Amino acid sequence: MPTDIGPPDYKTMLSPLIQRNYGKWRYHEILQPGVLMHVGEAGEALYTVRAGSPRLLSTQHIREICEIADKYCDGYLRFTSRNNIEFLLEDKSKVAPLLTELAKRNYPVGGTGHAISNVVHTQGWVHCHTPATDASGPVKALMDEIYDYFVTMKLPNHVRIALACCLNMCGAVHCSDIAILGIHRTVPKTDNSRVPNLCEIPTTVASCPTGAIRGDNKNKTITVNNEKCMYCGNCYTVCPAMPIADPDNDGFPSGWAGRSPMRAANPCSPSWRSPSSRTIHRDGRKSLMR
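Below: a short report on this structure. If you're wondering where the values come from, they're calculated on a predicted model, not measured in any experiment.

### Let's talk about the nonpolar core
Grouped together as the largest cluster of nonpolar side chains are 21 residues, with contacts concentrated most on Val49, Phe87, Leu89, Leu98 and Leu102. For this core, the elements supplying multiple residues, two or more each, are strand E2 (35-40), strand E3 (45-51), helix H2 (59-73), strand E5 (85-89) and helix H3 (95-104). When residues in this core are grouped by element, the largest group, five residues, is from H2. The contacts of Leu102, once residues within four sequence positions are left out, are Val49, Ala51, Ile68, Phe87, Tyr107 and Val109. The next biggest cluster of nonpolar side chains, apart from the first, holds 13 residues, and it includes Val139, Leu155, Leu163 and Ile180.

In structure tokens, the structure reads:
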């Protein structure tokens, strides 16, 4: 029964071809980097063209994407969980013109097969209280360097990269092959002169996952146990009088360990490259960063 509560039923927005073959796909093939073909039991084929996209989009860019979809695939498209755009076509003859159009508009096509998919990342400074680094900037710089591995399929396997701006990790760094994680390395700088006007002490105390915050309701002050603090920044989210950002000490390490949990393998610790001068390997060896 239709209701105005919650999101609309996504199945009403699927193309007729997908609705007819929903749950009835026989196989799929990657025809070339960024182009897939799914074939249903009845022999119908769906062609998907995958293009890279930034996570943060302007309304003008969204209108441009919709214009392309209206022109080549009757308006049917989707966004993947890693911010790729997938144009869904029923007519194979429109695939080549669509690829030409995307190339003219500088849309990178790829991210399929043994390649690097788009980097999924968190909000960063544009819309978050706790980041230790920006998100869009580092991701853009990284993808500029590894662009060739997105538009080709010459890697030994699929590779997924994610960036999270802080330890709260609203990004997918825990289920990616390469993780880039922004970290704070100093405790919050509590300004008790502002606490009474900006913070609810019980809520601030409850926000700490390690119990490092103690509140004094009588004097309207807050103290932090430095040894217990894990530098997550949750407290700053509810109490602006506890800023944690430190431009001299914040940074981001990166980890290579495959996705967690390890499938069909014994658990192991990731290899982390930290902001310090050394890298700690899985077996405990140390080597100088280059």
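### Overview of the side chain of Thr204
Along the polypeptide, Thr204 turns up in helix H6 (residues 201-206). Looking at Thr204, the relative accessible area reads 0%, which means it is buried. Residues contacting Thr204, with those up to four places away along its chain left out, are Cys199, Ile213, Ile222, Cys235, Val238, Cys239 and Met242.

### Remarks on the state of the cysteines
Here the structure, examined in full by the defined rule, presents one disulfide. Two residues share a disulfide in this structure: Cys199 and Cys239, whose sulfurs sit 2.0 Å from each other. The chirality of the disulfide connecting Cys199 with Cys239 is right-handed, given an S-S dihedral of about 75°. In this pair, Cys199 is assigned in the loop between helix H5 (195-198) and H6 and Cys239 in the loop between helix H7 (234-238) and strand E11 (254-256), connecting sequence segments 40 residues apart. A single burial state applies to Cys199 and to Cys239, both of which are buried. Counting only cysteine sulfurs, Cys235 is the nearest neighbor of Cys229, a cysteine outside any disulfide, at a range of 6.6 Å. A relative accessible area of 15% places Cys229 in the buried class.

### Description of H3
One full turn of an α-helix is made of 3.6 residues, so residues set three or four places apart face in the same direction. Burial in H3 covers these residues: Val95, Leu98, Leu99, Glu101 and Leu102. Down the axis of H3, the sector holding all buried residues measures 160°, keeping them to one side. Across from the buried face of H3, at angles greater than 90 degrees, the exposed residues are Ala103 and Lys104. In this fold, the buried residues of H3 make contact with strand E1 (25-32), E2, E3, H2 and E5. Positive backbone phi, at 65°, marks Asn106, one or two positions downstream of H3.

### Some points on H2
Counted at 1.5 Å a residue, the expected span for H2 with its 15 residues is 21 Å, and the 20 Å between its end C-alpha atoms agrees. Taken residue by residue, H2 has His61, Ile65, Ile68, Ala69, Tyr72 and Cys73 as its buried positions. Taken end-on, H2 shows its buried residues confined to a sector of 100°, consistent with a single buried face. Exposed positions of H2 whose direction lies more than 90 degrees from the buried face are Thr59, Gln60, Arg63, Asp70 and Lys71. Buried-residue contacts for H2 involve strand E4 (77-79), E5 and H3. Positive phi appears at Asp74, one or two residues downstream of H2, with a value of about 55°.

### Some remarks on the environment of Val139
Positionally, Val139 belongs in helix H4 (residues 136-145). Assessed through its relative accessible area of 8%, Val139 is described here as buried. Separated by 21 residues in the primary sequence, Val139 and Asn118 place their C-alpha atoms 9.3 Å from one another. Those residues in contact with Val139, other than ones at most four positions away along the chain, are Val119, His121 and Leu163.

### Description of the sheet that holds E4
Sheet architecture is open: five strands sit in the order E1-E2-E3-E5-E4, paired in antiparallel fashion. Taken across any chain shown, the strands that pair with only one partner, and hence form the sheet edges, are E1 and E4. Between one strand and the next, the sheet's axes are offset by a mean angle of 25°, whatever the strand orientation. Sheet topology note: the E3/E5 ladder contains five bridges and is antiparallel. The residue bridging Arg50 from the neighbouring strand is Glu86, located in E5.

Rules behind the numbers
Residues numbered from 1 in each chain as written. Predicted model: local features only at pLDDT ≥ 70, side-chain atom pairs only at ≥ 80, totals over all residues. Heavy atoms only, no water. Core = buried A, V, L, I, M, F, W, Y, C linked by side-chain atoms within 4.5 Å. Buried < 20%, exposed > 50% of the residue type's maximum accessible area, 1.4 Å probe, protein only. Helix = DSSP H or I, 4+ residues; strand = E, 2+ residues; numbered from the N terminus. Contact = heavy atoms within 4.5 Å. Disulfide = S-S within 2.5 Å. Arc of directions from axis to C-beta. Expected span 1.5 Å × (residues − 1). Pairing = 2+ DSSP bridges. Axes fitted to C-alpha atoms, helices over the stretch in contact; angles between N-to-C directions.

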